[in-house]
Amino acid sequence: MNTPTIHTDLCIIGAGPVGLFAVFEAGLLKMRCHLIDALPQIGGQLSEIYPQKPIYDIPGYPEIKAQELVDNLLEQARPFNPTFTLGERVDLLDRQEDGSFIVTTSDKTEVHAKVIIIAGGLGCFEPRKPVLNNLEAFEGKGIHYMVKNPETFRDKKVVIAGGGDSALDWTIFLANVAERVTLVHRNETFRGAPDSASKVFDLAQEGKIDLILSANLKEASGNDRLEKVILEDKDNQEIVLDADYLIPLFGLSPKLGPIADWGLSIDKNAIEVDTRDYSTGVDRIYAIGDINTYPGKLETHPLRISRGCHHDALCLQICLSRPKTKFQIHHRQRGKCLLNRMDLIKFTVEDQQGERQEVEAPADMGLSLMEILKASEYPILATCGGMALCATCHVEILEGQDGLGDATDVELDQLENLPEYFPTSRLACQIRIGDQLEGAVIKLRGEDVV
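Structure report, in brief. Owing to the predicted nature of the structure, the values given are computational and were not obtained by experimental measurement.

Points about the pattern of salt bridges
If the charged atoms of two oppositely charged side chains come close together, the side chains can form a pair.
Moving on, step 1. In total, this model carries 19 salt bridges according to the counting rule given.
Moving on, step 2. We note a salt bridge from Arg 154 to Glu 151, for which the minimum N-O separation is 2.7 Å.
Moving on, step 3. Note on Glu 151: relative accessible area 43%, which makes it partly exposed.
Moving on, step 4. With a closest N to O distance of 3.4 Å, Glu 416 and Arg 186 form a salt bridge.
Moving on, step 5. Exposure remark for Arg 186: the relative accessible area of 33% places this residue in the partly exposed category.
Moving on, step 6. Residues participating in the shared-partner salt-bridge network are Asp 9, Arg 32 and Lys 114.

Listed below in structure tokens is the structure:
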């Protein structure tokens, strides 16, 4: 049975903070809004990745927790009765004869809207998939990458793979729902919260779950649906598990997704816009927040929510003046950047062809190595914008490692998923420019470079 088409004035792609504030701005103009997000809950990356993270750049709040901000924005939007489609990715966009659009999601939900506003943050957060034989054959037929409805797993045999907070939390929760839960992790220790890890070990000791450590997923098998999951332990021995469901929880990777095929002008995974109204160049499609780019945009930490809300106000007021001048890095040649600040440090960058050049950078502005590399026009994607959600800013510290210390657990979560990484591998987005980098030698290793 087909779900009836949803009719609205604005279809907002992205239910994060910028998307939610757009509901408020649109509501003041008597516009109805429907929001679509690939994540299973409202709040975008704030709710999904770091709900307890303090945020410091919201006017009127010296400090506010991410989830508290989401709750406040939702409360602010509630009088305007927004509707939501969650846990579904936008796949298709079809323009109608009257200029409006039909948006179709991955689950075939259809939304008819007069205007499209893309507020997708860093893009669509897609699950990081394991290397597993027959993976695609059982996607949606027993293999799921998120838990939309826990009742789906009632009285079923469930295998969960992963070692982070999501894997631990769902193991604990589903232990009281599923017939049997088996948690598989490739290491002996977990990277999630120590309290959650302790609960999981307790559940295993009590016989309420099965815990298999130092093992990797190898193969999925079955007829029309998943029936067995095959593992390989550290001794290369196979372990065969009966399973109705496999839930690999290896984190999320931000991608632009099908939006890249909509005829928009794309620059390094961001949508180019006109800052007078944040229009994209395609009639009736606008892009606001971190997902857009324009000349002079300062690519600082992606959680610039206040900037995204400014986009909301201008976009909606003008569509239904120019951006403020911001600090810019000026470079005279690749590998060299001149800044209108003194107190510079110098280090050496070796590119993928082995060519070395000295780079100068300001030590007193809180910039990351990733930002300096991009400003110096090195071919580094940095897809997630500096949040350690991908490994596209992977570098190897050839000299000067002692001053930088070891990679953090957050970095290792990404680096360990690479086909190859090194004892001194780091994510450039997690290295702050400071005196400790003076004289260092850094080799670009990026997961994928342009």
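Resuming the write-up.
A few points about helix α4 (residues 165-174)
Moving on, step 1. Along α4, the residues that are buried comprise Ala 167, Leu 168, Thr 171 and Leu 174. With its buried residues spanning 150° around the axis, α4 presents them on a single face.

Notes on the sheet that holds strand β24 (residues 344-350)
Moving on, step 1. Strand order in this open sheet of 5 strands is β25-β24-β28-β26-β27, and the pairing throughout is mixed. Bordering the open sheet on either side are β25 (356-362) and β27 (425-427), each of which pairs with just one other strand. The sheet shows a mean angle of 40° between the axes of neighbouring strands, taken without regard to direction.
Moving on, step 2. Note that strand β26 (residues 394-399) and strand β28 (residues 441-444) share 4 bridges and pair antiparallel. From the neighbouring strand, Val 395 faces β28, where its bridge partner is Leu 444.

Parameters at a glance
Residues numbered from 1 in each chain as written. Predicted model: local features only at pLDDT ≥ 70, side-chain atom pairs only at ≥ 80, totals over all residues. Heavy atoms only, no water. Salt bridge = Lys/Arg side-chain N within 4 Å of Asp/Glu carboxyl O. Buried < 20%, exposed > 50% of the residue type's maximum accessible area, 1.4 Å probe, protein only. Helix = DSSP H or I, 4+ residues; strand = E, 2+ residues; numbered from the N terminus. Arc of directions from axis to C-beta. Pairing = 2+ DSSP bridges. Axes fitted to C-alpha atoms, helices over the stretch in contact; angles between N-to-C directions.

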